[in-house]
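# Working through the structure, step by step
The lines below spell out each chain.
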Amino acid sequence: MHQSNDVLEPRLVTVDSLYLRLMNDRVQDIYINTDHLATALDAINTKDDVSQGVLVAVKAALLTNSELAGIVSEMFCEHALPYQAEATSHE
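Residues numbered from 1 in each chain as written. Predicted model: local features only at pLDDT ≥ 70, side-chain atom pairs only at ≥ 80, totals over all residues. Heavy atoms only, no water.

## Some thoughts on the overall build of the protein chain
Each helix and strand counted, the protein chain has three helices and zero strands in total. For the protein chain, the succession of helices and strands along the chain, N to C, is α-α-α. Roughly 7300 Å² of accessible area belongs to the protein chain as shown, and the carbon and sulfur atoms make up 59% of that amount. (Helix = DSSP H or I, 4+ residues; strand = E, 2+ residues; numbered from the N terminus. Areas by Shrake-Rupley, 256 points an atom, 1.4 Å probe, with all protein chains shown as cover.)

## Details of the pattern of salt bridges
Under the definition given, this model contains two salt bridges. Ionic pairing is found between Asp 29 and Arg 26, a salt bridge with its closest N-O pair at 2.9 Å. Separated by three residues within a single helix, Asp 29 and Arg 26 lie in helix 2 (residues 17-41), roughly one turn from each other. For Asp 29, a relative accessible area of 31% puts it in the partly exposed group. The exposure class of Arg 26 is partly exposed, given its relative accessible area of 45%. Between Lys 59 and Asp 42 there is a salt bridge; the shortest N-O distance is 2.6 Å. Residue Lys 59 is located in helix 3 (residues 49-90), and its partner Asp 42 is located in the loop between helix 2 and helix 3; the two are separated by 17 residues in the primary sequence. (Salt bridge = Lys/Arg side-chain N within 4 Å of Asp/Glu carboxyl O. Buried < 20%, exposed > 50% of the residue type's maximum accessible area, 1.4 Å probe, protein only.)

## Some words on the environment of Ala 38
Considering the arrangement of structural elements, one finds Ala 38 in helix 2. C-alpha separation for the pair Ala 38 and Lys 59, spaced 21 residues apart in sequence, amounts to 4.9 Å. If sequence neighbours within four positions are ignored, Ala 38 has contacts with Lys 59, Leu 62 and Leu 63. (Contact = heavy atoms within 4.5 Å.)

## Some details on a nonpolar patch on the surface
Taken together, the side chains of Leu 68, Ile 71, Val 72 and Met 75 make up a nonpolar region of the molecular surface, amounting to roughly 330 Å² of accessible area. In this structure, Val 72 sits in helix 3. (Patch = residues over 30% accessible without salt bridge, like charges linked within 9 Å, V, L, I, M, F, W, Y side chains within 5 Å.)

## Quick look at the confidence of the model for the protein chain
Chain-level pLDDT for the protein chain is 83 on average; 79% of the residues reach the 70-or-more range. For the protein chain, helix 1 (residues 5-8) is the element with the lowest average pLDDT, namely 68, and helix 2 is the one with the highest, namely 90. (pLDDT = per-residue confidence, 0-100.)

## Brief notes about the side chain of Ser 66
In this structure, Ser 66 sits in helix 3. Beyond its immediate chain neighbours, meaning those up to four positions away, Ser 66 contacts Tyr 31, Thr 34 and Asp 35.

## A few points about the environment of Val 27
Structurally, Val 27 can be placed in helix 2. A sequence separation of 44 residues divides Val 27 from Ile 71, and the C-alpha atoms of the two residues are 9.6 Å apart. Among all residues touching Val 27, those that are not within four sequence positions of it are Ala 69, Val 72, Ser 73 and Phe 76.

Rendered as structure tokens:
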């Protein structure tokens, strides 16, 4: 299904490929940092049920954010970065 340029033109954005790579690198940093923070919470040992519940909740939130960052990074790799390689090979 082809869309006319009138529909596509307002949605098109020019972005430097280096900027896309930097954005992907920052998303990867978020992925790594949240994963490390979640792992670090495992080192905290408490017998208090409330504190343990807080630790579990924070760890779950960090792991969820890490997973989302991984998904965004995959989206960059699948959709944005291949076009950079294609454009570079045609130059």
